[in-house]
Amino acid sequence: MDVRLTGWKATNLRGGLRDVEIDLGDDPCRWTLIQMPNGTGKTTTMELLRATLNGGELAAKTVRELRADDHVEKGFFEARLLVDDKSYRLQLELDFRDGSATNWTVQERERGGGREEGRNLPLDLQTLLKPTLTELFVFNGELATDIIDLSKSAAAQAIRALYGLDTLDALSQRVDTLVELEQRRAAAITSAKERKGITQLQNAFDEVRRASERLDQQQRAASARLIEVERERTRLLEEIQARMSEDAGIRAQIQALDERQQEVDANTGDLSVQALEALRRPAYVHPTLLARLQNLGGKLYELKLPETISREFFNELADQDRCVCGTLIGEDERHQILSGAKRYLAQDQISVINQMKLALRESQADPDELATTVTSLQSQLDERRRIKAERDRLASEKIAEGDEILKKLNEDVATLTAEVTTLSNTLERLTTKDPSRQRALRLTWESNQPLCEVELKTRETRLQTATRTRTFALQGEKLKAIVTATSRRALDILRERVRTSTNDKLAQIFSTEKIEVAKIGGGLELRTVGLGAKGGASEGQKLAIAYAFLTSLLADAPYRLPFIVDSPAVSLDTANRRQVGDLIPDFFNQMIMFVISSEREGFAEAFYDRPSDVRYLTVTPMGGGTVDIAEGLDAFKAFHGRES
């Protein structure tokens, strides 16, 4: 599907949109640069394009804020589209008196066309144009940070939305709806007594489901806050380390403590591994356990197990009148059972058991090894505490000398540490699966997710059984599992394809610092080639990375969409502007760029040498919300706007 924007129109709106119409033509150029100074309506135009395309509802406050002045009562915005050579006009009528917004669609070249209320586009396009995707091609600059932020899910949501993976989620929800309808149908045809029982089971199930949703929300909120607090605490600790290192005398002590800390951490890791290995071998745990294992091996030898039991089975069978299969046992059958018994003694299994007997009988171990390892591990942990105490002492001395900044940093760290403890305790209560901890903390299904899941399954099974939909529900779960697995697999494949393509573009953009995407999770995990993970990026780098990601995402998509962007290069340096200007235009069937005069250098200049298919528009404010629109490269180059 090929979608292009052929223009837009605004009436009685704020900024420079009092009476504006941009006509890009029935066959719009591939690249359109619209030069507008700040304050003339670029941001408002972008917001209205998104709202018109995705058909989302606008809040009354948002609508009223769009009015040109206090005297106008109504406003209007129209976006014109060309969808596979068919024209559509999406209109938004705004009533500033009651804050309402009404969508209309005007179809052309269609029998029975005309003006209809609502957003009436082809079904595929109507499903595609959701807020999540609209923000990608009517590009919201703030999304550049969201795409990279690992704590958010903008990157993954973008892939899912563009390639229709979220429709698989809708399929899973549809399966749930069908199961629920089947349960209601079954309940409707049962007797009054059974209907009452089903209602009670349904209410009990709903009670636990609501608790599960509440616990999930609490867990997500606590986890997100814990990540945020840990990140801030790490930053403050680094500041404390840097401030204390400013003192030459303390710097040497800190370096010594760092060296001791590294040694202790290494020793602690090695001893932990040794302790775990010993715990996995029972003979090493305690002398009593070793003695019992050896005694068990001796008993197996003494009783000649398992041969005697196997042989006794055939001897007893030969004395019976009938076989275990019901056949009469005569003299011939009895002779065959006794003579052929040796062939059915499962020698391979006996061999394994005999090896076990030998291993048990000859078990050898140093039962003191675990105790020695644990003692050494405890010593290293004590040393770690001493190192921390020494660091705290150094900080206390600096604070005592009057370092108020260090004092404030330590207080902030203490506050965050207390919050980390509280959040960790909260998460343990919410998520622990350990039965002993669940009992110790007196947790119930109302306060613990694993217990709630068990209770939810129990009540769900009761409900499904009561409504005679157990088989139907199981089939639904199987289908949902297939859908989920398909969605995950498809997302993994698409993530890797987009990641590889993104890195190819980043290699062309960044010539000094070689930045690439290591992984696409919820956001983009970055790394510097040869140096490992990259913790942060400048605003210019974030924007360039976002462009590389979006061009990779949209270029191979099953839909050809216009890319509309406001101030595409304002935060990039001149060199990166040229590289971005040379790189990204070729990946879009149509690209519309709102620029300010300062972006001409580097970015806009990359289009000057393109001989055709480029259009230049310059919008100049004339006062009273009206503007003058000049076309052509000469006017574009000559304009000097007042920008801030």
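Only a predicted model underlies this, so the values are computations on that prediction, with no experimental measurement involved.

Engineer: Can you break down the side chain of Arg 50 residue by residue, with the values?
Structural biologist: By the secondary structure assignment, Arg 50 is in helix α1 (residues 42-54). Arg 50 sits in the buried class, given a relative accessible area of 15%.

Engineer: Report on the pattern of salt bridges, specifying residues and quantitative values.
Structural biologist: By the definition in use, this model includes 34 salt bridges. Measuring nitrogen to oxygen at the nearest pair gives 2.4 Å for the salt bridge that ties Arg 235 to Glu 232. Taken together, the residues span about one helical turn, with Arg 235 and Glu 232 both in helix α8 (residues 192-245) at a distance of 3 residues. Take Arg 235: its relative accessible area is 36%, and that puts it in the partly exposed class. Asp 492 is paired through a salt bridge with Arg 495; the nearest N and O atoms lie 3.8 Å apart. Here Arg 495 and Asp 492 lie together in helix α18 (residues 470-509), a separation of 3 residues that amounts to about one turn. With relative accessibility at 42%, the residue Asp 492 sits in the partly exposed group.

Engineer: Can you break down the nonpolar core residue by residue, with the values?
Structural biologist: If you look at the biggest cluster of nonpolar residues, it comprises 92 residues, and the most contacted ones within it are Phe 549 and Phe 563. Considering every element that reaches this core, the biggest residue donor is helix α19 (residues 539-555), with 10 residues. Ignoring any residue separated from it by four or fewer positions in sequence, one finds Phe 563 in contact with Leu 136, Phe 137, Phe 139, Tyr 547, Leu 550, Leu 554, Phe 588, Gln 590, Met 591 and Ile 592.

Engineer: Mind laying out the packing of aromatic side chains, listing which residues take part and the relevant values?
Structural biologist: Under the definition given, this model contains 6 aromatic pairs. Between Trp 31 and Phe 607, the ring centres sit 6.4 Å apart and the planes meet at 65 degrees, which makes this aromatic pair edge-to-face. Taken as a pair, Trp 31 in strand β3 (residues 31-35) and Phe 607 in helix α21 (residues 600-608) lie far apart in primary sequence, 576 residues in all. Relative accessible area serves as the criterion here: at 6%, Trp 31 is assigned to the buried category. Ring geometry for Tyr 616 and Phe 636: centres 5.2 Å apart, planes at 55 degrees, overall tilted. Remark: Phe 636 occurs in helix α22 (residues 633-638) and Tyr 616 occurs in strand β14 (residues 614-623); sequence separation between them is 20 residues. Like Phe 636, Tyr 616 is buried.

Engineer: If you had to explain the side chain of Arg 80 to someone new, which residues and values would you point to?
Structural biologist: Here Arg 80 lies in strand β4 (residues 74-83). At 3.4 Å, the side chain of Arg 80 forms a polar contact with the side chain of Glu 78.

Engineer: Please provide a residue-by-residue account of the sheet that holds β4, values included.
Structural biologist: A sheet is described by the order of its strands in space; here 6 strands give the open sequence β2-β1-β4-β5-β6-β7, paired in antiparallel fashion. A single partner strand is all that each edge strand has here, and the edge strands are β2 (19-23) and β7 (114-117). The mean angle between the axes of side-by-side strands here comes to 20 degrees, regardless of whether they run parallel or antiparallel. Direction of pairing for strand β5 (residues 86-95) relative to strand β6 (residues 100-107): antiparallel, over a ladder of 8 bridges. By the bridge assignment for β6, Glu 93 is matched with Thr 102.

Engineer: Describe in detail the sheet that holds strand β13 (residues 591-595), supporting the description with residues and values.
Structural biologist: The 6 strands lie next to each other as β8-β12-β13-β3-β14-β15, forming an open sheet whose pairing is mixed. The sheet terminates laterally at β8 (138-139) and β15 (626-631), the two strands that pair on one side only. With 4 bridges connecting them, strand β12 (residues 563-566) and β13 associate as parallel partners. Bridge assignment links Phe 563 to a residue of β13, and that residue is Met 591. Contacting β3, β13 and β14, α21 runs over the sheet at an angle of about 140 degrees to β3.

Engineer: Mind laying out unusual backbone geometry, listing which residues take part and the relevant values?
Structural biologist: Within the chain, Asn 12 stands out as a residue other than glycine whose phi angle is a positive 60 degrees. One can find Asn 12 in the loop between β1 (3-11) and β2. Despite not being glycine, Asp 85 has its phi angle at roughly 70 degrees, a positive value. In this structure, Asp 85 sits in the loop between β4 and β5.

Scoring rules and cut-offs
- Residues numbered from 1 in each chain as written.
- Predicted model: local features only at pLDDT ≥ 70, side-chain atom pairs only at ≥ 80, totals over all residues.
- Heavy atoms only, no water.
- Helix = DSSP H or I, 4+ residues; strand = E, 2+ residues; numbered from the N terminus.
- Buried < 20%, exposed > 50% of the residue type's maximum accessible area, 1.4 Å probe, protein only.
- Salt bridge = Lys/Arg side-chain N within 4 Å of Asp/Glu carboxyl O.
- Core = buried A, V, L, I, M, F, W, Y, C linked by side-chain atoms within 4.5 Å.
- Contact = heavy atoms within 4.5 Å.
- Phe/Tyr/Trp six-rings, centres within 6.5 Å; stacked < 30°, edge-to-face > 60°.
- Polar contact = N/O pair within 3.5 Å; in protein donor to acceptor, adjacent residues only side chain to side chain.
- Pairing = 2+ DSSP bridges.
- Axes fitted to C-alpha atoms, helices over the stretch in contact; angles between N-to-C directions.

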